[in-house]
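So you can see what is in the structure, the chains are spelled out below.
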Amino acid sequence: FDPTNPQNVVVVGESWSENYPTTAGVFKPNNPAFSPLFPSLAGIVTKFNFPASGGGTLAWSSYFGSEGFERAGEGVTAVAINNVGEIIIAGRTERSLFPTTRGAYDRTYAGAKDGFLSRLSSNGATLLYSTFFGGLDDETDFFGPIAKAVTPETPLPDGLQFNREVAPVGLDEEGEQKTKQITYA
């Protein structure tokens, strides 16, 4: 959920598909095939808008990862949205050509599968920050849910505060709405 606009929801994952639905103007609108026989695994980041009045629309959708073909690819396993609507994602890559940014913590691919941490603009068009994170072995699904890393005891930079709200999490056995209290910065 987007703390700047709770009607926005971002989902992440991975796709082998060459025709996953993407939108114009995003960071990576296409996912070239690994070879003529095999598709390429790419991370995906998709933002939806669900207005309180009902319905829903696709705000934007992008593949995420490298353009390289040397190994299988990337998967995005975690997402959070900061207080200005930027999308923070984490996951794993098997490619040395994975995009990193100037000033990144680590721009060198080190293992069979490295973890990554990246930040996209709120409109999905710009990679603002991206770094490898890992050692010489596998960091498969290394990052897990990054939203759990922030708790009410976490020190926050000046100007940030914790927000708490109740979010729907599904239906119970009787068909009643289940909720969970969430805390975010």
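The rules behind the values
Here the residue numbering is sequential within each chain, running from 1 through the sequence in written order. Restriction of local features to residues with pLDDT of at least 70 applies here, the model being predicted, together with a cutoff of 80 or more for giving and counting side-chain atom pairs; totals for whole chains, interfaces and linings are based on all residues. Values reported for side chains reflect all heavy atoms of the structure, with hydrogen atoms and water molecules removed beforehand. Only DSSP runs of H or I covering at least 4 residues are called helices, and only runs of E covering at least 2 are called strands; the numbering of each starts at the N terminus. The contact criterion used throughout is that any non-hydrogen atoms of two residues lie within 4.5 Å. Two aromatic rings, drawn from Phe, Tyr or Trp (for Trp, its six-membered ring), form a pair once their centres lie within 6.5 Å of each other, and the interplanar angle then sorts them: stacked below 30 degrees, edge-to-face above 60, tilted otherwise. Working definition of a nonpolar core: buried Ala, Val, Leu, Ile, Met, Phe, Trp, Tyr and Cys residues. They are joined through side-chain atoms within 4.5 Å. Accessibility here uses a 1.4 Å probe with only protein chains present; expressed as a share of the type maximum, an area under 20% marks a residue as buried, one over 50% as exposed, and anything in between as partly exposed. Definition of a polar contact: a pair of N or O atoms within 3.5 Å, with one able to donate and the other able to accept a hydrogen when the atoms are protein atoms, and with sequence-neighbouring residues admitted only if both atoms are side-chain atoms. Only strands that DSSP links by at least two bridges are regarded as paired with each other. Working convention: axes come from line fits to C-alpha atoms, limited for helices to the stretch in contact. Angles between N-to-C directions cover 0 to 180 degrees.

A. Structural context of the environment of Val26. Mapped onto the secondary structure, Val26 falls in the loop between β1 (8–15) and β2 (42–49). Sequence separation between Val26 and Trp60 is 34 residues; the distance between their C-alpha atoms is 7.3 Å. What Val26 contacts, discounting residues up to four positions off in sequence, is Trp60, Ser61, Ser62, Gly124 and Ala125.

B. Quick look at the packing of aromatic side chains. Per the stated rule, a full pass over the model turns up nine aromatic pairs. Joined through ring pairs, the aromatic side chains of Phe27, Phe64, Phe98, Tyr109, Phe116 and Phe132 make up one cluster.

C. Just the nonpolar core, in detail. Within the largest apolar cluster, 14 residues are counted, with the highest numbers of intra-cluster contacts made by Val45, Phe64, Ile87, Ile89 and Leu120. Those elements that provide at least two residues to this core are β3 (57–64), β4 (74–81), β5 (87–93), β6 (114–120) and β7 (127–133). The contact partners of Ile87, leaving out residues within four places of it in the chain, are Val10, Val45, Trp60, Val79, Ala80, Ile81, Ser118, Arg119, Leu120 and Ser121.

D. How the structure looks around the side chain of Thr93. Along the chain, Thr93 falls in strand β5. Within polar-contact distance, the side chain of Thr93 engages the side chain of Glu74 at 2.7 Å. A polar side-chain atom of Thr93 sits 3.1 Å from the main-chain amide nitrogen of Arg95.

E. The pairing of β4, seen in detail. In this structure, β4 lies alongside β5, joined through seven bridges in antiparallel fashion. Bridge assignment links Ile81 to a residue of β5, and that residue is Ile87. The antiparallel hairpin formed by β4 and β5 contains five residues in its connecting segment, where Gly85 sits at a positive phi of about 85 degrees.

F. Inspection of the sheet that holds β7 at higher detail. The sheet built from four strands is open, its strands ordered β4-β5-β6-β7 with antiparallel pairing. Edge positions in the open sheet fall to β4 and β7, since each of these has one partner strand only. Averaged over all pairs of adjacent strands, the angle between their axes in this sheet comes to 20 degrees, without regard to strand direction. Bridging between β5 and β6 involves seven bridges; their strand directions are antiparallel. Bridging across to β6, Ile88 finds its partner in Arg119.

G. Structural context of the side chain of Ser130. For Ser130, the position within the fold is in strand β7. Of the polar contacts made by the side chain of Ser130, one reaches the backbone oxygen of Pro99; its length is 2.8 Å. In contact with Ser130, other than residues within four places in its own chain, are Phe98, Pro99, Thr100, Thr101, Ala104, Leu117 and Ser118.

H. Molecular detail of the pairing of β2. With respect to burial, β2 is a largely interior element, seven of its eight residues being buried. Examined bridge by bridge, β1 and β2 share eight bridges and lie antiparallel to one another. Across the sheet, the residue bridging to Gly13 is Ile44, located in β2. In the sheet, β2 pairs with β3 via seven bridges, with the strands oriented antiparallel. The residue of β3 that forms the bridge with Gly43 is Phe64.

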